[in-house]
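Here is how the chains run, residue by residue.
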Amino acid sequence: MPYISTQVSCPLTHDTEQSLKTAFGEAIACLPGKTEEYLMLSFTERARLWFGGSDAPAAMIEVSVFGSFPHAAAGELTARLTSAVSDTLFIPRDRIYVKFSSTSEWGWGGEMF
């Protein structure tokens, strides 16, 4: 039941979005019990992001999950998501934030888990 929302300040082509989708789908397995099967992704291109007072290329990635996850697993996922965005879109790694949130309340298919 993970959801990853990604905002980038650059344009996205269909091919780059597909590349990120594949990379994120593989990376989500860093979190125990999480797979691409229930992973939802959203991508927002051309977001107006300012970081450190500059509008140079940047990205904001938000990872939401049902339940908890180990800190080390979040670190591994951060590295993989950051690498995917940096390698695909040429956004410097130090201009990419990754935010995690977890919840015990999550609905799917009209019901609660």
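Up top is the structure these notes are about.
Residues numbered from 1 in each chain as written. Predicted model: local features only at pLDDT ≥ 70, side-chain atom pairs only at ≥ 80, totals over all residues. Heavy atoms only, no water.

J.: Explain the environment of Val-63 here, please?
T.: Following the sequence through the fold, Val-63 ends up in strand S3 (residues 59-66). Val-63 gets classed as buried once you look at its relative accessible area, which sits at 0%. Sequence separation of Val-63 and Lys-99 is 36 residues, and the distance between their C-alpha atoms is 6.1 Å. The contacts of Val-63, once residues within four sequence positions are left out, are Tyr-3, Ile-4, Leu-77, Leu-81, Val-98, Lys-99, Phe-100 and Ser-101. (Helix = DSSP H or I, 4+ residues; strand = E, 2+ residues; numbered from the N terminus. Buried < 20%, exposed > 50% of the residue type's maximum accessible area, 1.4 Å probe, protein only. Contact = heavy atoms within 4.5 Å.)

J.: Help me out: how do you make sense of the side chain of Thr-6 in this one?
T.: In this fold, Thr-6 is placed in strand S1 (residues 3-8). Not counting residues within four places of it along the chain, the set of residues in contact with Thr-6 comprises Phe-24, Ser-42, Phe-43, Thr-44, Met-60 and Ile-61.

J.: What is the right way to read a nonpolar patch on the surface from this model?
T.: Judged by side-chain polarity, Tyr-38, Trp-108 and Phe-113 come together as a nonpolar surface patch covering roughly 350 Å² of accessible area. The residue Phe-113 is located in the segment after strand S6 (111-112) in this model. On the basis of relative accessible area, Phe-113 is assigned to the partly exposed category, the value being 43%. (Patch = residues over 30% accessible without salt bridge, like charges linked within 9 Å, V, L, I, M, F, W, Y side chains within 5 Å. Areas by Shrake-Rupley, 256 points an atom, 1.4 Å probe, with all protein chains shown as cover. Salt bridge = Lys/Arg side-chain N within 4 Å of Asp/Glu carboxyl O.)

J.: Got a minute to help me understand the sheet that holds strand S4 (residues 96-103) in this structure?
T.: Within the open sheet, the four strands sit side by side as S2-S1-S3-S4. Their pairing is mixed. Only two strands of the sheet have a single neighbouring strand rather than two, namely strand S2 (40-44) and S4. Between one strand and the next, the sheet's axes are offset by a mean angle of 10°, whatever the strand orientation. Pairing of S3 with S4, which is carried by eight bridges, proceeds in the parallel orientation. (Pairing = 2+ DSSP bridges. Axes fitted to C-alpha atoms, helices over the stretch in contact; angles between N-to-C directions.)

J.: It is not clear to me how the pattern of salt bridges should be interpreted in this structure. Could you clarify?
T.: Where charged atoms of side chains with opposite charge meet at close range, the side chains can pair. Summed over all chains, the structure comprises three salt bridges. Between Lys-21 and Glu-36 there is a salt bridge whose closest N-O contact spans 3.8 Å. One end of the pair, Lys-21, is in helix H1 (residues 14-27); the other, Glu-36, is in the loop between H1 and S2, with 15 residues separating them in the sequence. The shortest N-O distance in the salt bridge between Arg-93 and Asp-87 comes to 3.3 Å. Note on Arg-93: relative accessible area 43%, which makes it partly exposed.

J.: Would you take a moment to explain helix H2 (residues 71-89) for this structure?
T.: An α-helix turns once every 3.6 residues. As a result, residues three or four positions apart point the same way. For H2, built from 19 residues, the straight-helix expectation of 27 Å at 1.5 Å per residue is met to within 8% by its first-to-last C-alpha distance of 27 Å. Here H2 has its buried residues at Ala-73, Ala-74, Leu-77, Leu-81, Thr-82, Ala-84, Val-85, Ser-86 and Leu-89. Those residues of H2 that are buried are in contact with S1, H1, S3 and S4. (Expected span 1.5 Å × (residues − 1).)

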